[in-house]
Amino acid sequence: MTTPGGAQLLAISDLHIGYPANRAILEELRPGTDEDWLIVAGDVGERSTDIIWALATLKKHFRTVIWMPGNHELWTTPDDPLTLRGEARYLHLVEQLRGLGVITPEDPYPLWEGSTGPVAVCPLFLLYDYTWRDGTPGATTKDEALEYSRELGVVCTDEMFLHPDPLPGIDDWCRARVAYTARRLAALDPSLPTVLANHWPLQRDPTAVLRYPSFALWCGTEWTEDWHLRFHATEVVYGHLHIPRVTYKDDIRFTEVSLGYPREWGARAAGPAKPRLILPGRQGVRR
């Protein structure tokens, strides 16, 4: 089957479908062609039932759906029937979504047949480790940085609901995920370009525009600053910041693909963000 205009690799994040207006947007999302893929870069919602419903809904319409968690999927909240915490919660979601045919960070990286050849699409799950301390002047340790941010009244809700079990801290979980993921990426053919997709930014520059600079503590890790070069990225996709835009680093495009909360997208003249085109496909190819 061929599709007019060619297939598209699209991406969106931060759907936050606990808000009725955002849930309605998700229900209306449709591909441009029968062959389109959709990267969902985290923060679909908090309740496990909502997360599974949302990905099942998207999978009905898009040929391939690729998901990676954000912090909200990892929250264990009092109103969620799923009481698992930390890694157990994450792995439960992975198994549920695999059952729907959704690709997760634990699966082999799929190859997108782009207009210039194959590209490995790499969903990542890396977390953060409090090392982005540019917004906490004078702080040289995690504890000092967190105390500085608390005094400002800037504390991410993760500190209440995101648990690192069985590890002692989110920074420990982050380091474990970074090491595991780096091994997987290093095993790819070095001649194969990649799309690196993660909920949190891989590079700290985008956090320079945060309204509250100390919030960068919950946004990424210094261990991934050079990953766009180290792992041959042709594009880096991320969300989390709720500041949809395109920037460049080392001539590589970084695309923030978040929808965000209704109060955010409702204030924009353009309205709610649509899925962003990441790469075109090879004309008329059926995957």
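Residues numbered from 1 in each chain as written. Predicted model: local features only at pLDDT ≥ 70, side-chain atom pairs only at ≥ 80, totals over all residues. Heavy atoms only, no water.

Q: What should I look at first to understand the overall build of the protein chain in this one?
A: Each helix and strand in the protein chain was counted, giving 9 helices and 10 strands. Over its C-alpha trace the protein chain gives a radius of gyration of 18 Å, about what one expects of a compact globule, namely 19 Å for 287 residues. Out of the 287 residues belonging to the protein chain, those deemed buried represent 55%. The long-range fraction of contacts in the protein chain, counting pairs at least 24 apart against all pairs at least 6 apart in sequence, stands at 75%. Here the protein chain holds 29 positive side-chain charges and 38 negative ones, and the gap between their average locations is 5 Å. (Helix = DSSP H or I, 4+ residues; strand = E, 2+ residues; numbered from the N terminus. Rg over C-alpha atoms; globule rule 2.2 N^0.38 Å. Buried < 20%, exposed > 50% of the residue type's maximum accessible area, 1.4 Å probe, protein only. Contact = heavy atoms within 4.5 Å. Lys, Arg positive; Asp, Glu negative; His and termini not counted. Charge placed at Lys NZ, Arg CZ, Asp CG, Glu CD.)

Q: Whenever I open this one, the packing of aromatic side chains confuses me. Can you help?
A: The geometry of an aromatic ring pair is captured by two quantities: the separation of the ring centres and the angle between the planes. One pass over the structure, following the stated rule, counts 12 aromatic pairs. Ring geometry for Trp227 and Phe231: centres 5.1 Å apart, planes at 90°, overall edge-to-face. An identical accessibility class is assigned to Trp227 and Phe231; each is buried. Among the aromatic side chains, those forming a connected cluster through ring pairs are Trp67, Tyr90, Phe125, Tyr128, Tyr130, Trp173, Trp200, Phe215 and Trp218. Cation over ring: Arg23 sits above Trp53, and NZ or CZ is 4.0 Å from the ring centre. In this structure, Arg184 packs its charged tip against the face of Tyr109, placed 4.2 Å from the ring centre. (Phe/Tyr/Trp six-rings, centres within 6.5 Å; stacked < 30°, edge-to-face > 60°. Lys NZ or Arg CZ within 6 Å of the ring centre and 35° of its normal.)

Q: Where do I start with the pairing of strand S5 (residues 117-123) in this structure?
A: When a strand is regular, its side chains alternate between the sheet's two faces. Counted residue by residue, S5 has 6 buried out of 7 residues, so it is predominantly covered. Here 4 bridges tie strand S4 (residues 111-114) to S5, and the two strands are oriented antiparallel to one another. Counterpart to Leu111 in the pairing with S5 is Ala120. Counted between consecutive antiparallel strands, the loop separating S4 from S5 contains 2 residues. (Pairing = 2+ DSSP bridges.)

Q: Explanation requested: the nonpolar core in the structure shown.
A: Soluble globular proteins tend to pack their nonpolar side chains together in the buried interior. Within the largest apolar cluster, 65 residues are counted, with the highest numbers of intra-cluster contacts made by Val40, Leu55, Trp67, Leu124, Leu196 and Trp227. Among the elements that take part in this core, helix H7 (residues 170-186) stands out by supplying 6 residues, more than any other. Non-local contacts of Val40, meaning those with residues more than four positions away in its chain, are made with Ile12, Leu15, Leu55, Leu58, Val65, Ile66, Trp67 and Met68. Counting 18 residues, the second largest nonpolar core, distinct from the first, contains Ala7, Leu9, Ile66 and Met68. (Core = buried A, V, L, I, M, F, W, Y, C linked by side-chain atoms within 4.5 Å.)

Q: What is the right way to look at the side chain of Glu235 in this model?
A: Within the element layout of this structure, Glu235 appears in strand S7 (residues 233-238). Here the side chain of Glu235 touches Arg253 through a polar contact of 2.8 Å, side chain to side chain. For Glu235, the contacting residues outside a window of four places in its chain are Thr194, Val195, Leu196, Ile252, Arg253, Thr255 and Ile278. (Polar contact = N/O pair within 3.5 Å; in protein donor to acceptor, adjacent residues only side chain to side chain.)

Q: I would appreciate a short explanation of H7 in the present structure.
A: Structurally, the α-helix is built with 3.6 residues per turn, so residues lying three or four positions apart point the same way. Spanning 17 residues, H7 covers 24 Å between terminal C-alpha atoms, matching the ideal 24 Å at 1.5 Å per step. Residues Ile170, Asp171, Trp173, Cys174, Arg177, Val178, Thr181, Ala182, Arg184 and Leu185 constitute the buried set of H7. Down the axis of H7, the buried side of the element spans an arc of 160°, and every buried residue falls inside it. Exposed side chains of H7 directed beyond 90 degrees from the buried face belong to Arg183 and Ala186. Against helix H3 (71-74), helix H4 (86-99), S5, helix H5 (142-152), strand S6 (194-197) and helix H8 (227-230) lie the buried residues of H7. (Expected span 1.5 Å × (residues − 1). Arc of directions from axis to C-beta.)

Q: Would you take a moment to explain the sheet that holds strand S1 (residues 8-12) for this structure?
A: Sheet strands line up and pair through hydrogen bonds in the backbone, either parallel or antiparallel. In spatial order, the strands read S3-S2-S1-S10; together these 4 strands make up an open sheet with mixed pairing. Bordering the open sheet on either side are strand S3 (64-67) and strand S10 (276-280), each of which pairs with just one other strand. In this sheet, neighbouring strand axes are inclined to one another by 20° on average, regardless of whether the strands run parallel or antiparallel. Note that S1 and S10 share 4 bridges and pair antiparallel. Opposite Ala11, over in S10, you have Arg276 as the bridge partner. In this fold helix H2 (residues 48-61) packs onto strand S2 (37-40) and S3, with an angle of close to 150° to the strand it touches most, S3. (Axes fitted to C-alpha atoms, helices over the stretch in contact; angles between N-to-C directions.)

Q: For this particular structure, what's the right way to read the side chain of Glu73?
A: With respect to the element layout, Glu73 can be found in helix H3. It is Arg89 that comes nearest to the buried, bridge-free Glu73 among opposite-charge side chains, at 8.2 Å. Side-chain polar atoms of Glu73 contact the backbone nitrogen of Asp43, separated by 2.7 Å. A distance of 2.9 Å separates a polar side-chain atom of Glu73 from the backbone nitrogen of Val44. Setting aside residues up to four positions removed in sequence, Glu73 forms contacts with Gly42, Asp43, Val44, Gly45, Ile51, Trp67, Met68, Arg89 and Leu93. (Salt bridge = Lys/Arg side-chain N within 4 Å of Asp/Glu carboxyl O.)

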